[in-house]
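# Analysis of the macromolecular model
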2 protein chains.
Amino acid sequence: MKLLEEKILNTGKCIGDDILKVDMFLNHQLDVKLLDDIGEEINRIFAEDKPNKILTVEASGIAIAVAASRAMGYLPVVFAKKTKPSTMIDDSYCAEAISFTKGTSSILRVSKDFLNKDDRVLIIDDFLAKGEAGMALCDLVKQAGGTVVGFTAAIEKEHQGGAERMRNIGIKVQSLAVIAEMRDGKITFK
Amino acid sequence: MKLLEEKILNTGKCIGDDILKVDMFLNHQLDVKLLDDIGEEINRIFAEDKPNKILTVEASGIAIAVAASRAMGYLPVVFAKKTKPSTMIDDSYCAEAISFTKGTSSILRVSKDFLNKDDRVLIIDDFLAKGEAGMALCDLVKQAGGTVVGFTAAIEKEHQGGAERMRNIGIKVQSLAVIAEMRDGKITFK
């Protein structure tokens, strides 16, 4: 997605050769017009897979998932939680994921009320690095007996192998900006 | 806002007389059509205050802030963070808030890159209870030298005093569904 690649080049900051900081429009400040364009692009790619629900994880995935929902006819969005609030008294599906940027392990949780065996789920996240969050989200859908119809991230760092890992379990993965390499502060898209 | 009040009555669950669980449409699953309607209502109330930026806090505030941004001509949204990610290397404004539902204390952070003295900030959150998060967000704007032009929450629990606390420091507070009382599982709107 050209517009997104340009935004990454113009405002993104590389931290070493592995971490990309996009706080200007995706992870701290949000460019909502760009998010709407991203939502339209997600609809273009995944409409044929007929999802009936979008699953993401707090916090940065939420804005993208909401934009995609709108573009796809207001599909319900469910966001997995990383902490267990006092209001979460129901049974929930749980899966562990290690955050690449934070270096911490989280248990992702979705209440059993919001995923079920008839669901055709499109999973959306801000980043795809090693695939930890993506694999955990797939696992939550599988626990519910549902079907993952696809996975997309706004930004994929291909060299970190997450997409390959997810394709190996049969998931359609198509991200919007795919970075082949980050070296000495220079980003190369695929 | 009638539509929101009906949704709360139809799908919300009271936990004791103080906590309202709205996971069906706001805090876990998201009703994006309703969020867009909420965004339009926020625009109707606060357009006259001419905000140039929206400030919220992760995670549940993000979806509402994005909807309001769209309705208000794509204002930039900034969401305060509750944890400090490894990519947050810049100086940031910090303020402490105690989460009413989680019973924990958080430091809310916004990078100094995203708030400044010329900002006219509309603050948006999912809930207004005792006003902890709202007051902390006001403090962040004040630290930057900016102006808070208003505060809105999708749901205000008036009996917990947060709105009064914020009005006492001169903030225009107008929430979308104002609960006067929760008793024995029954919700009374103002």
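This text goes with the structure placed above it.
### Looking at the overall build of chain A
Per the secondary structure count, chain A includes 5 helices and 11 strands. The C-alpha atoms of chain A give a radius of gyration of 16 Å, which matches the 16 Å a tight globule of 190 residues would have. Overall, chain A is about 45 × 35 × 30 Å in size when its C-alpha atoms are taken along their principal axes. Taking all 190 residues of chain A together, the buried fraction comes to 58%.

### Concerning the interface of chain A and chain B
Residue-level contacts link 44 residues of chain A with 44 residues of chain B. For the pair chain A and chain B, the summed buried surface comes to about 3,700 Å²; carbon and sulfur atoms form 62% of the total. Across the contact surface, chain A and chain B share 2 salt bridges. Here D36 of chain B ties to R70 of chain A by a salt bridge, and the two come within 2.4 Å at their closest N and O atoms.

### So, helix α2 (residues 32–46) of chain B
Side chains that are three or four residues apart share a direction in an α-helix, a result of its 3.6 residues per turn. Spanning 15 residues, α2 of chain B covers 21 Å between terminal C-alpha atoms, matching the ideal 21 Å at 1.5 Å per step. Its side-chain oxygen 3.3 Å from the backbone nitrogen of K33 of chain B, D31 of chain B forms the N-cap of α2 of chain B.

### Quick look at the pairing of strand β8 (residues 120–128) of chain B
Residues and elements named next belong to chain B. Of all 9 residues in β8, 8 are buried, a share of seventy percent or more. Bridge count between strand β4 (residues 53–57) and β8: 3 bridges; the pairing is parallel. Note that in β8 the partner of I54 across the bridge is L122. Strand direction decides the pairing type here: β8 and strand β9 (residues 147–157), joined by 8 bridges, are parallel. If you follow V121 over to β9, its bridge partner there is V148. Handedness of the β8-helix α4 (residues 132–143)-β9 crossover: right-handed.

### What about helix α1 (residues 2–11) of chain A?
Residues and elements named next belong to chain A. When we look at burial in α1, the residues that qualify are L4, E5, I8 and T11. The arc that holds the buried residues of α1, viewed along the axis, is 160°, so those residues lie on one side. In α1, the exposed residues that point more than 90 degrees away from the buried face are K2 and N10. On its buried face, α1 is in contact with β1 (13–15), β2 (19–21), α2 (32–46), β9 (147–157), β10 (177–183) and β11 (186–189).

Rules used throughout
Residues numbered from 1 in each chain as written. Chains lettered and ligands numbered in written order. Predicted model: local features only at pLDDT ≥ 70, side-chain atom pairs only at ≥ 80, totals over all residues. Heavy atoms only, no water. Helix = DSSP H or I, 4+ residues; strand = E, 2+ residues; numbered from the N terminus. Rg over C-alpha atoms; globule rule 2.2 N^0.38 Å. Buried < 20%, exposed > 50% of the residue type's maximum accessible area, 1.4 Å probe, protein only. Contact = heavy atoms within 4.5 Å. Buried area = accessible area lost by both parts, 1.4 Å probe. Salt bridge = Lys/Arg side-chain N within 4 Å of Asp/Glu carboxyl O. Expected span 1.5 Å × (residues − 1). Polar contact = N/O pair within 3.5 Å; in protein donor to acceptor, adjacent residues only side chain to side chain. Pairing = 2+ DSSP bridges. Right-handed = clockwise from strand over helix to strand, strands pointing away. Arc of directions from axis to C-beta.

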